[in-house]
Amino acid sequence: MKGITQVVSVELKLIVRDPMSGFFALVFPAIMLWVKLRGGNKPLPGGTPLIDATVPMLLVFVIGLAALVVLPATLAHYRERRVLKRLRVTPASPTMLFGAQWVAHMLLAVLGSALLIAVGAVAYGLSAPAQLLGVLVAWLLSALSLGAIGLLLGALVPTGRAATVIGLSLFFPMVFLSGAVIPRESMSGSMRAIGDLLPMAPAVQAVRDGWAGGAASPITLGVMVAISVVAGGAALRAFRW
């Protein structure tokens, strides 16, 4: 336990020191919040204030950015620079490596989420989540499912540049079609149908349901658990030092 804690600490310091990772995980979502609220806190169809829908959506944006872009690029850079090859002769196992990487990158997402909530509350009057436990469970399952996909990418892609390109190619369509940037209430039926097929959609739905006070669908939560198990297992099988 002490070993993995030390690894997580080192990894988090390295991530935070990377100016691009820090900017996109911590600052960029707050800028997006400002852009979306420039026209005022107008209610969406159904009466939800824009700020109360936007912050939960952007929480998943932060998780997705850390999980699908930063995390696989980190693992691929380690492989490219032969860091993983050196780790192979240590007691570290693939499970320990994946666990440390996931925790470090999700702590970055926690920092980004906290900053986003603070800006929303202070500047725009964000309401507190109606079901805090529901939001926390949804956030954790979102981090597990999207993080498992990121680990799978990191296990398969040989170089950091390729991992970044592939991660961004997956991330941006997901955030726009799943409701992490554009509220699903504002989408056409065809866009919602496509977004429903993406692994980020249940994450957005679960976090928004918890924030609004609705009970998350067991199917939605089950889908995220299934993605975590399947993608995580595939990542462990595909991983090569």
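Given the structure is predicted, the values throughout are model-derived calculations rather than measurements.

(A) Just the confidence of the model for the protein chain, in detail. Overall, the predicted model of the protein chain reaches an average pLDDT of 87, with 92% of residues at or above 70. Within the protein chain, no element has a lower average pLDDT than helix H1 (residues 2-17), which sits at 58, and none a higher one than helix H6 (residues 132-156), at 96.

(B) Main features of the side chain of Arg184. Within the secondary structure, Arg184 sits in the loop between helix H7 (160-178) and helix H8 (189-195). Aside from chain neighbours lying at most four places away, what touches Arg184 is Leu177, Ser178, Gly179, Arg192, Gly195, Asp196, Gln205 and Arg208.

(C) Up close: the UniProt feature "transmembrane region" (unreviewed entry) in the protein chain. Residues annotated by UniProt as "transmembrane region" (unreviewed entry) correspond here to residues 20-37, 57-78, 102-126, 132-155, 162-182 and 219-239. Taken as a whole, residues 102-126 contains 92% helix and 0% strand, while its terminal C-alpha atoms sit 29 Å from one another. Spanning residues 132-155, this segment combines 100% helix with 0% strand, and its end C-alpha atoms are found 34 Å apart.

(D) Broad picture of the nonpolar core. Phe61, Met106, Phe171 and Met200 are the most contacted members of the largest nonpolar core, which totals 47 residues. Mapped onto this core, the elements with two or more residues apiece are helix H2 (19-36), helix H3 (50-80), helix H5 (94-124), H6, H7, helix H9 (201-212) and helix H10 (218-238). For this core, the element with the most residues is H3, which contributes 16 residues. Excluding residues that lie within four positions of it along the chain, Phe171 makes contacts with Phe61, Gly64, Leu65, Leu68, Val69 and Met200. Of all hydrophobic cores here, the second largest spans ten residues; its members include Leu84, Leu97, Leu151 and Ala155.

(E) Representation of the packing of aromatic side chains. In total, this model carries four aromatic pairs according to the counting rule given. Where Phe98 meets Phe239, the ring centres are 5.3 Å apart and the plane angle is 75°; that geometry is what we call edge-to-face. Here Phe98, found in helix H5, pairs with Phe239, found in the segment after H10; they are 141 residues apart in sequence, far enough to count as distant. Judged by its relative accessible area of 5%, Phe98 falls in the buried class. Through a chain of ring-to-ring contacts, the aromatic side chains of Phe28, Phe61, Phe171 and Phe172 assemble into a single cluster. Just above the ring of Trp34 sits the side chain of Arg38; from NZ or CZ to the centre is 5.5 Å.

Cut-offs used in this document
- Residues numbered from 1 in each chain as written.
- Predicted model: local features only at pLDDT ≥ 70, side-chain atom pairs only at ≥ 80, totals over all residues.
- Heavy atoms only, no water.
- pLDDT = per-residue confidence, 0-100.
- Helix = DSSP H or I, 4+ residues; strand = E, 2+ residues; numbered from the N terminus.
- Contact = heavy atoms within 4.5 Å.
- UniProt positions renumbered as here; feature names shortened; annotations may be inferred.
- Core = buried A, V, L, I, M, F, W, Y, C linked by side-chain atoms within 4.5 Å.
- Buried < 20%, exposed > 50% of the residue type's maximum accessible area, 1.4 Å probe, protein only.
- Phe/Tyr/Trp six-rings, centres within 6.5 Å; stacked < 30°, edge-to-face > 60°.
- Lys NZ or Arg CZ within 6 Å of the ring centre and 35° of its normal.

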